[in-house]
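Descriptive analysis of the structure
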Amino acid sequence: MADKLDDFIDAAAGALDLPLEPAWKPAVKANLEVSLRHAAAFADFPLPDEAEPAPIFKA
Amino acid sequence: MSDDVTWSSAADIAAAVQSGKVSALEVTEQMLGVIDKRNRVLNAFTAVTDERARARAKAIDASPDKAKLSLAGVPFAVKNLFDIEGLPTLAGSKINRARTPAPRDAVLMERLEAAGAVLVGALNMGEYAYDFTGENVHDGPSRNPHDPERMTGGSSGGSGSAVGGGMVPLALGSDTNGSIRVPSSLCGIFGLKPTYGRLTRTRSFPFVASLDHLGPFARTVRDLALSYDTMQGFDAEDAACVDRPLESTTPFLEQGLDGLRVAVAGGYFRKGASPEALSALDAVAKALNAREVEIPEANRARSAAYVITTTEGAALHLERLRRQANDFDPAVRDRLIAGAMIPSTLVVKAQNFRRWYRDAVLALFKDCDAILAPATPVTAPKIGQVNFTLDGIEMPVRANMGLYTQPISFIGLPVVAVPVPLKPLPIGVQIIAAPWREDVALRIAQALETMGVVAAPRPAL
């Protein structure tokens, strides 16, 4: 997974035209790992196919 | 009003100026003197608008309507992401220093000044509001008035420091994931994060459009309500601002607790909380005879808020990251670059979940009028402290100070953060109400203040 994430970060930085100095990469990777862990917490939550997003939230 | 204006409430200052007991200019001069002295320690201000403040105070003193101005002569300051005419809007960044000076004040400031308030300056904040500490690599950390070696919390750290440190009775800040409630908690003051869409954000620098709220800080509940009432009103320039009639809260503040049902959040909201946070929460819950309730899936909500924040933030800053990444605070830059790389499928999932979660939480308000929760897991950490230990697990301060605030702002609920004056450091409790019921949260806060359960402690400065 670690190697795949390294590859993903390199590819994403290239595709997004983002600068990524070698010294920044460990911190970027650590942050991405945290975000992906957070995403895993809700990504498999069972929502119906009809569930709608709330891109403009109205309370 | 006390002779020492710096610890007077906004309401007392306004009454004294309205009656002519003191002039707005005298109040302004005293406050500017105190800012000059205390800011050397607290580093709350990044700009003091002294000439403007004197001119404004003189205009109020000369106004035939002075007695009708609800905030006559009340000094206030704003987080430096609010536009201030003639100054670049920093948003805590180095990059924004090159911005053209703002041509006009933010709308909320115009509304406060129309009521007689006097702007005295701009306040320190975490870079681009992506911060829970109050530390800023460009301007230095804002410092906690109860212990200047400790954090204010962020990102509205200067707002917390300035109000808690007696440099202004009122300040404005912004709250995306907790940036009003966290500094309120660590600095021992009151803060209001209104319902999403209630207060216009026009001419303030954004962070996460679907989560951003603006709101006030004060040392009394009445001051919080007074400023909030003054700032309400529709504004078509902010797409999220909802067209609702003004709903004043000040007339209802003293109604007490009769008829109100209060719950206290259990489960997620007790895990990881320090003994101090739980002690404060339990003291408030006991005073309100609150029963326990579970906010469903709060852990997932916090995670979804995290992902939406980092991706929306990355989208906002994408061009700046491409162009001048080296000018960011490295900690902010690296989080934003990572945020830009999160697959869009996960972002949409987070938004879908937000809809479900909102409906689940709103259902709780059928059986209660307000829900209590800790505002922060701990009292103020030391400046520079990287980790703290929650439930026996060491974790980063910067990412986790919003554990209990993120699941609430995620669905835009109104919250009053109230300070419990524990020794040696205060800590806050959230009073969470249903959408548009700021009046309920403020009324409960007022009852707690009257009972002496919550109060803004005066630091030794």
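Residues numbered from 1 in each chain as written. Chains lettered and ligands numbered in written order. Predicted model: local features only at pLDDT ≥ 70, side-chain atom pairs only at ≥ 80, totals over all residues. Heavy atoms only, no water.

Brief notes about the overall build of chain B
The condition that has to hold: Numbering of helices and strands runs from the N terminus, with a helix taken as a DSSP run of H or I at least four residues long and a strand as a DSSP run of E at least two residues long. For the radius of gyration, the atom set is restricted to C-alpha positions; the globular benchmark scales as 2.2 Å times the number of residues to the power 0.38. Think of it in three bands: residues with accessible area under 20% of the maximum for their type are buried, residues over 50% are exposed, and the middle band is partly exposed, with areas taken using a 1.4 Å probe on protein chains only. What makes two residues a contact is simply this: any of their non-hydrogen atoms within 4.5 Å.
A tally of helices and strands in chain B yields 14 helices and 15 strands. Over its C-alpha trace chain B gives a radius of gyration of 20 Å, about what one expects of a compact globule, namely 23 Å for 461 residues. Considering only C-alpha atoms, chain B reaches an extent of 60 × 55 × 45 Å along its principal axes. A total of 461 residues make up chain B; the buried ones form 66% of that total. Long-range contacts, defined as pairs at least 24 residues apart, comprise 77% of the intrachain contacts of chain B with a sequence gap of at least 6.

Topic: the packing of aromatic side chains
Rules: Note on aromatic contacts: the rings of Phe and Tyr and the six-membered ring of Trp form a pair at centre separations within 6.5 Å, being stacked when their planes are under 30 degrees apart, edge-to-face when over 60 apart, and tilted otherwise.
This model, assessed by the stated rule, comprises eleven aromatic pairs over all chains. Note on F269 of chain B and Y404 of chain B: the rings are 5.9 Å apart at their centroids and 40° apart in plane angle, and the pair reads as tilted. With a gap of 135 residues between them, F269 of chain B in the loop between strand 9 (262-265) and helix 8 (275-287) and Y404 of chain B in the loop between helix 12 (397-400) and helix 13 (406-409) connect regions that are remote in the sequence. Residue class for Y404 of chain B comes out buried when judged on its relative accessible area of 1%. Pairwise contacts between aromatic rings join F45 of chain A together with F353, W356, Y357 and F410 of chain B into one cluster.

Comments concerning the nonpolar core
Definition in use: Throughout this description, the term nonpolar core refers to a set of buried Ala, Val, Leu, Ile, Met, Phe, Trp, Tyr and Cys residues connected via side-chain atoms within 4.5 Å.
In terms of nonpolar packing, the biggest core is built from 164 residues, with F45, I295, I371, L372 and F410 of chain B touching the most fellow members. Among the elements that take part in this core, helix 9 (residues 298-324) of chain B stands out by supplying eight residues, more than any other.

Structural notes on the UniProt feature "domain: Amidase" (unreviewed entry) in chain B
For clarity, the cut-off: UniProt positions are given in the numbering used here, feature names are shortened, and annotations may be inferred rather than shown by experiment.
The positions UniProt marks with the feature "domain: Amidase" (unreviewed entry) are residues 26-439 of chain B. In residues 26-439 of chain B, the share of helix is 35% and the share of strand is 17%. The end C-alpha atoms are 33 Å apart.

Looking at the side chain of D105 of chain B
All names here are of chain B. The line we're drawing: Here a polar contact means two N or O atoms within 3.5 Å. Within protein one must be a hydrogen donor candidate and the other an acceptor candidate, and residues neighboring in sequence count only if both atoms are side-chain atoms.
Mapped onto the fold, D105 is located in the loop between strand 2 (75-79) and helix 4 (107-114). Polar side-chain contacts of D105 include one of 2.5 Å to the side chain of R52. One polar contact links the side chain of D105 to the main-chain amide nitrogen of E85, over a distance of 2.8 Å. Here D105 is in contact with R52, D83, I84, E85, E110, E113 and R203, once residues within four sequence places are set aside.

Comments concerning unusual backbone geometry
Glycine aside, residues mostly have negative phi, and peptide bonds are mostly found in the trans state. Residue and element names in this part refer to chain B. Residue S155 follows G154 across a cis peptide bond; omega there is 10°. Residue placement: S155 occurs in the loop between strand 5 (147-151) and helix 5 (157-164). In this structure, P424 follows K423 across a cis peptide bond, with omega equal to 0°. Within the secondary structure, P424 sits in the loop between strand 14 (415-420) and strand 15 (427-433).

Some thoughts on the pattern of salt bridges
Basically, it comes down to this: The working definition used for a salt bridge is a side-chain nitrogen of Lys or Arg within 4 Å of a carboxyl oxygen of Asp or Glu.
The tally for this structure, following the rule as stated, stands at 30 salt bridges over all chains. Between D6 of chain A and K29 of chain A there is a salt bridge, and its shortest N-O distance comes to 3.3 Å. Of the two residues, D6 of chain A is situated in helix 1 (residues 2-16) and K29 of chain A in helix 2 (residues 25-43); the sequence distance between them amounts to 23 residues. Given a relative accessible area of 15%, K29 of chain A falls into the buried group. Among the ionic pairs, D329 of chain B bridges to R398 of chain B, the shortest N-O distance being 3.5 Å. Note that D329 of chain B is positioned in the loop between helix 9 and helix 10 (330-340) and R398 of chain B in helix 12, a separation of 69 residues in sequence. Residues participating in the shared-partner salt-bridge network are R104, E110, R203 and E237 of chain B.

A word on the packing of helix 2 of chain A against helix 9 of chain B
So the rule is basically this: Helix axes are fitted only over the stretch in contact, all axes being lines through C-alpha atoms; the angle between N-to-C directions runs from 0 to 180 degrees. Put simply, angles under 35 degrees are roughly parallel, angles over 145 are roughly antiparallel, angles from 65 to 115 are roughly perpendicular, and the rest are oblique. Crossing handedness follows the turn of the near helix against the far one: under a right angle anticlockwise gives a left-handed crossing, and clockwise gives a right-handed one. Throughout this entry, Asp, Glu, Lys and Arg are counted as charged residues, while Ala, Val, Leu, Ile, Met, Phe, Trp, Tyr, Cys and Pro are counted as nonpolar. The remaining residues, Gly among them, count as polar.
Running from N to C, helix 2 of chain A and helix 9 of chain B cross one another at 135°; their axes reach a closest spacing of 8 Å. Considering their axes alone, helix 2 of chain A and helix 9 of chain B lie oblique with respect to each other. In this structure, the crossing between helix 2 of chain A and helix 9 of chain B has a hand that is left-handed. Where helix 2 of chain A approaches helix 9 of chain B, its residues V34, S35, H38, A39, A41 and F42 of chain A are matched on the opposing element by R300, R302, S303, A304, Y306, V307 and T310 of chain B. Here the contact of helix 2 of chain A with helix 9 of chain B is built from residues that sort into seven nonpolar, four polar and two charged.

A short note on the interface of chain B and chain A
We count it as follows: As used here, buried area is the combined drop in accessible area, with a 1.4 Å probe, of two parts when they are placed together.
Taken together, the contacts link 40 residues of chain B with 34 residues of chain A. In total, about 3,500 Å² of surface goes out of reach between chain B and chain A, with carbon and sulfur atoms giving 68% of it. Its largest share of buried area at the contact with chain A, chain B owes to R300, R322 and M341 of chain B, together 18% of the area lost on that side. Taken together, chain B and chain A are joined by two salt bridges. At the level of secondary structure, the elements contributing two or more residues to the side of chain B that touches chain A comprise helix 9, helix 10 and helix 11 (344-364) of chain B. Among the residues forming the side of chain B that touches chain A, the class breakdown is 21 nonpolar, eight polar and eleven charged.

Regarding the confidence of the model for chain B
This is how it is decided: On a scale of 0 to 100, pLDDT captures the predictor's confidence in every residue.
Here chain B averages 97 in pLDDT, while 99% of its residues score no lower than 70. Overall fold confidence (pTM) sits at 0.97, and the ipTM for the predicted complex is 0.92.

So, the pairing of strand 9 of chain B
When a strand is regular, its side chains alternate between the sheet's two faces. Residues and elements named next belong to chain B. What counts is decided by this rule: By this definition, two strands are paired if DSSP reports at least two bridges between them.
Residue alternation in strand 9 divides its side chains into two sets, V262 and V264 and A263 and A265, and both sets are buried. In terms of strand pairing, strand 9 meets strand 11 (residues 370-374) through three bridges, oriented parallel. When the sheet's bridge partners are listed, V262 is paired in strand 11 with A370. By the bridge criterion, three bridges tie strand 9 to strand 10 (residues 291-293) in an arrangement that is parallel. Opposite V264, over in strand 10, you have E292 as the bridge partner.

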